[in-house]
Amino acid sequence: MIPVKGYAAQNPKAPLAPFKFERRELKPHDVLIDIIYCGVCHSDIHMARDEWGGAIYPLVPGHEIVGKVNRIGSSVKKFKVGDLAAVGVLVDSCRECSSCKQGLEQYCEVHWVPTYSGYEMDNKTITYGGYSNQIVTDENYVLQVPNNLDRKGIAPLLCAGITTYSPLRHWRVGKGHKIGVVGLGGLGHMAVKFAASFDAEVTVLSTSNSKQADAKRLGAAHFINTTDEAQLKKAKGQFDFLLNTIAAHHDINSLVALLKLNGTMIMVGIPPEDPSLSVSGLIGKRRTIAGSMIGGIRETQEMLNYCAEKNIVSDVEVIAMKDINMAYERMIKGDVRYRFVIDMATL
Ligand code: NAP
Ligand code: ZN
Ligand code: ZN
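Residues numbered from 1 in each chain as written. Chains lettered and ligands numbered in written order. Predicted model: local features only at pLDDT ≥ 70, side-chain atom pairs only at ≥ 80, totals over all residues. Heavy atoms only, no water.

Asks: Could you give an account of the pattern of salt bridges, with specific residues and numbers?
Replies: Counting across every chain of the model gives 18 salt bridges. The closest approach of N and O atoms between Arg-95 and Asp-92, which form a salt bridge, is 2.9 Å. Several salt bridges converge on common partners, so that one network encompasses Lys-193, Asp-214, Arg-217, Asp-315, Glu-317, Arg-330, Asp-335 and Arg-337. (Salt bridge = Lys/Arg side-chain N within 4 Å of Asp/Glu carboxyl O.)

Right, here's the structure in full:
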């Protein structure tokens, strides 16, 4: 076993604190990665505090991992020692079902293994995430990282990036579409960058007026303050798509009203409490509400390559590991510009 250190929550009420644990010894297809940066996703907060149920403690969060290959198993082909490498939200899956065969491992019909707070395919080994100095992952679930991008800005691509890239591609959002990105946080700011780069006309819908200038800088053409009834009223029936990234309870019916005839609201944010939906709001304009979860390994690699080509990375605020609990409090207040990234050298 490989001794490592990290930060863990011991129960839903406890702040994150130092924690020592072990990674498995390398199997033939495993890669040992020295973690350089790990992004802080709002899912880390939901999970550490067991807001969705099912959390497994001790819980080491972190699924936006970028690092350097320290050692490789005897059969590894994709990586050599010293390569940059990244790990996202999933680290294994059944590899046999129709979803896995299509490269949609996140929708595996048997069992996909989350990077933390889940069980390996043996159904008993607990997974621990990237708030740690090293991780061992099967090469088939490790991403190759382009060398030309800013490393700290790469980490958030592994969840915030792919979670917004994948639905935008799936629904073919692009030229001629008006899309509203709801919530300008980690996911939201990546959604703005991607949708703008796909030539869609982007509006940011935010509760924070102070984010207006950033919205424009990130690529949005318009800004709506969702706490202002008059602005919401004016925007009724305007959008082909809304990408909803809100992490907390909110009124989705006032957002549905902003969709055009045949418009679609794609849910990616996962508030702990399910919203209540007015069906008449959908029926009156043949609207659709859809959902999307992260992205498969193949598409994640495609997204990283796209980012390398277009020089797209996340806007980050680098923090020391010890400041993680403060970062959580700021994220809950919507005070993040636009992703916290932990510098693992500070662990
Ligand atoms: P984040 O950085 O905290 O951003 C969320 C944003 O939502 C905030 O910045 C804020 O934007 C807005 N917001 C927060 N509370 C709100 C409230 N009460 N009412 C209205 N707006 C509110 O979070 P994130 O990391 O982007 O994650 C967002 C959500 O996506 C989380 O629920 C996370 O678990 C989920 N997620 C889902 C997937 C998936 O596969 N589907 C993957 C990753 C994360 P403004 O200040 O602009 O209003
Ligand atoms: Zn995430
Ligand atoms: Zn499968």
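Asks: Mind laying out the site of ligand 1, listing which residues take part and the relevant values?
Replies: Surrounding ligand 1, one finds 31 residues, the nearest of these being Ser-206, Thr-207, Ser-208, Lys-211 and Arg-339. In this structure, His-46 approaches ligand 1 through a side-chain N or O atom, which is 2.8 Å from an oxygen atom. Burial of ligand 1 by the protein chains amounts to 91% of its free accessible area of 930 Å². Only helix H1 (42–48) and helix H5 (186–197) provide two or more residues apiece to the shell around ligand 1. With 3 residues, H1 is the single largest residue contributor to the shell around ligand 1. Each of domain 1 (2–159 + 314–346) and domain 2 (161–291) gives at least three residues to the shell around ligand 1. (Near = heavy atom within 4 Å. Polar contact = N/O pair within 3.5 Å; in protein donor to acceptor, adjacent residues only side chain to side chain. Areas by Shrake-Rupley, 256 points an atom, 1.4 Å probe, with all protein chains shown as cover. Helix = DSSP H or I, 4+ residues; strand = E, 2+ residues; numbered from the N terminus. Domains from an automatic or database assignment.)

Asks: Please give an account of the coordination of the zinc ion (ligand 2) that cites residues and values.
Replies: Of the protein atoms, only Cys-41 (SG), His-63 (NE2) and Cys-159 (SG) coordinate the zinc ion (ligand 2), at distances of 2.0 to 2.2 Å. Sequence spacing of the donors to the zinc ion (ligand 2): C-x21-H-x95-C. Taken together, the residues span a long stretch of sequence, with Cys-41 in the loop between strand S3 (30–39) and H1 and Cys-159 in the loop between helix H3 (151–154) and helix H4 (160–170) at a distance of 118 residues. Since its relative accessible area comes to 3%, Cys-41 is described here as buried. (Donors = N, O, S within 2.8 Å, 3.2 Å for Na, K, Ca; no water. Buried < 20%, exposed > 50% of the residue type's maximum accessible area, 1.4 Å probe, protein only.)

Asks: Got a sec to walk through the layout of surface pockets? Specific residues and values, please.
Replies: In this structure, the second largest pocket encloses a volume near 400 Å³. Forming the boundary of the second largest pocket are 21 residues, of which Arg-24, Glu-120, Thr-125, Thr-127 and Val-136 lie nearest the centre. Mapped by element, the contributors of at least two residues to the lining of the second largest pocket are strand S2 (17–23), strand S6 (90–92) and strand S8 (134–138). Looking at side-chain class alone, the lining of the second largest pocket contains 7 nonpolar, 4 polar and 10 charged residues. (1 Å grid on protein atoms, 1.4 Å probe; cavity = no way out; pocket = protein on both sides within 12 Å on 5 of 7 lines; lining within 4 Å. Points joined across faces, edges and corners; volume = space filled by probe spheres on them. Nonpolar A, V, L, I, M, F, W, Y, C, P; charged D, E, K, R; others polar.)

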